[in-house]
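Spelled out, the chains give:
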Amino acid sequence: MTSDGLRLSPFRGLRYAPEKVSGLAAVTSPPYDVVVRPDEVRDLETADPCNIVRLILPEADDESARQTKAARTLRQWLAEGVMAFDPQPALYVYEQRRGDVLQRGLIGALELSPPEDGKVLPHEGVIDEVVEDRAALMRGTGANLEPLLLSYRGDGTASGATAVIEQAVLRTPLLATTTEDGFSHRLWSVTDPGELDAIHADLSQHRALIADGHHRWATYLRLRGEHAKSAATGEDSPWNHGLVLLVDTARYPLRVQAIHRVLPRLPLKSALDAVEAQQAFRVTPLALPLPQALEALGSTPGNAFLLTDGSGTFHLLDRPAPALLERALDARHSEEWRQLDAAVLHSALLESVWRVPDRPQDIAYIHDASAAVGKAAQLGGTAVLMRPVREETVRRLAEQGVTMPRKSTSFGPKPATGLVLRVLNEGTH
């Protein structure tokens, strides 16, 4: 890339005042789209009255009331000193660690750019209703409540932005906590002009892949468009930037995991009967525990899926019928796209064989395999367990401008929500 690459700007972070809460771990949350069950929301709310879930997933009777409630809650926390602004604009070095997993990156306000500019590459589609929900929340609160996860590829050495990161972690952190999932989190601020210049010079040579947060990125772009008139005055509108975590995956590789599907309205017997009636896939029962069943799935060549209703038996689907693939998969897509498990699942199985529409009431997307199995058992539906896609495949398709089926990948570890927020118009708060 040229100097037209990434531009990450400092901002005055809004953070919890430690003395006002029971503990930082008690007020953080996973990203909004990972908290999928009502009981998870309740658990987070009861961990501390000021848990960030009250902002990212406010509970009320309708959408308008939810956004109003979140905005009122944020104003209240600011007035009571539960949250406070850092004294000066900064970029933030963020570290997550658990066992042999170590991720470090930079949190900042990234200048927005459309996909055609090639600076930030999406790899999945979005649902307009979800974008509007996030947009209403950001409009109401006037804040970026959680950072997107973006990856870029450096040269693998401790130079440029990476050198600044690895110097920063030698200093005393602004905060340190360990969350319930066993990950430790640490945050440092970078305000030194020389270090900021080194970061800028390095990042301006790179472009980024959206690893996690396609709906929030689409929300940023929508809100930037809504505030285009204010930006036309020549002043840099705060809506022209969005909160992100940038990770150099040449130095700190991300993990890529699958996102599983649960079909609450499709009983397992109906799913298997339809597959066998159309001779769509080979079906092999597996009387194995979940870990071994997933290993069998991972070692199966070609397209393959695991089906279960949570009763203890799994059914391995593989060897899709060539005629089905020919009929169901759009020939306008590349061969690599047509071989993706998610493409085959959605085009061949969900649309052609099972006739299941891609709506929240018909398909739930769950990151954890055991949770997907449990939800299928609870609802009497079918869990479809998937395999992860390699990061190289995701990046290669994104660089070609190819969009994968949504929820094809789960990159991680995901940043904890609640460690640092970005308010777009501080004066209004």
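Draft legend 1. Seen up close, the packing of aromatic side chains. Enumeration over the complete set of coordinates arrives at four aromatic pairs. Ring geometry for Y16 and W77: centres 6.1 Å apart, planes at 50 degrees, overall tilted. Linking Y16 in strand β2 (residues 14–16) with W77 in helix α4 (residues 63–79), this pair joins segments that are 61 residues apart in sequence. Across this residue pair, the class does not change: Y16 and W77 are buried. Cation over ring: R134 sits above Y32, and NZ or CZ is 4.0 Å from the ring centre.

Draft legend 2. Structural context of empty space enclosed by the protein. This structure, assessed with the given rule, holds six cavities of 30 Å³ or more. Of the pockets and cavities examined, the largest cavity occupies roughly 160 Å³. Taken together, 17 residues line the largest cavity, and the ones lying closest to its centre are D33, E124, D212, G213 and K407. Mapped by element, the contributors of at least two residues to the lining of the largest cavity are β11 (208–212), α8 (214–226) and β20 (410–412). By residue number, the principal contributor to the lining of the largest cavity is α8, which donates three residues. Space inside the second largest cavity adds up to approximately 60 Å³. If you go around the second largest cavity, the residues you meet are R134, L137, M138, A143, L145, E146 and R216.

Draft legend 3. Representation of the sheet that holds strand β17 (residues 314–318). The strand order β15-β17-β16-β19-β14-β18 describes an open sheet built from six strands, whose pairing is antiparallel. Looking at which strands have only one partner, the edges of the open sheet turn out to be β15 (282–286) and β18 (364–366). Taking each pair of neighbouring strands and ignoring which way they run, the sheet shows an average axis angle of 25 degrees. Alignment of strand β14 (residues 260–263) against β18, held across three bridges, turns out to be antiparallel.

Draft legend 4. Quick peek at the side chain of H185. Considering the arrangement of structural elements, one finds H185 in strand β10 (residues 184–190). A distance of 2.7 Å separates polar atoms of two side chains, one belonging to H185 and the other to Y94. Residues contacting H185, with those up to four places away along its chain left out, are Y94, E95, Q96, L175, A176, T177, T179, A416 and L419.

Draft legend 5. Structural view of unusual backbone geometry. Looking along the chain, the bond that leaves G412 and enters P413 is cis, with omega of 5 degrees. With phi around 50 degrees, R319 is a residue other than glycine that occupies positive phi space. Within the secondary structure, R319 is located in the loop between β17 and α12 (322–328). Under the relative-accessibility criterion, R319 is labelled exposed at 59%.

Parameters and conventions
- Residues numbered from 1 in each chain as written.
- Predicted model: local features only at pLDDT ≥ 70, side-chain atom pairs only at ≥ 80, totals over all residues.
- Heavy atoms only, no water.
- Phe/Tyr/Trp six-rings, centres within 6.5 Å; stacked < 30°, edge-to-face > 60°.
- Helix = DSSP H or I, 4+ residues; strand = E, 2+ residues; numbered from the N terminus.
- Buried < 20%, exposed > 50% of the residue type's maximum accessible area, 1.4 Å probe, protein only.
- Lys NZ or Arg CZ within 6 Å of the ring centre and 35° of its normal.
- 1 Å grid on protein atoms, 1.4 Å probe; cavity = no way out; pocket = protein on both sides within 12 Å on 5 of 7 lines; lining within 4 Å.
- Points joined across faces, edges and corners; volume = space filled by probe spheres on them.
- Pairing = 2+ DSSP bridges.
- Axes fitted to C-alpha atoms, helices over the stretch in contact; angles between N-to-C directions.
- Polar contact = N/O pair within 3.5 Å; in protein donor to acceptor, adjacent residues only side chain to side chain.
- Contact = heavy atoms within 4.5 Å.

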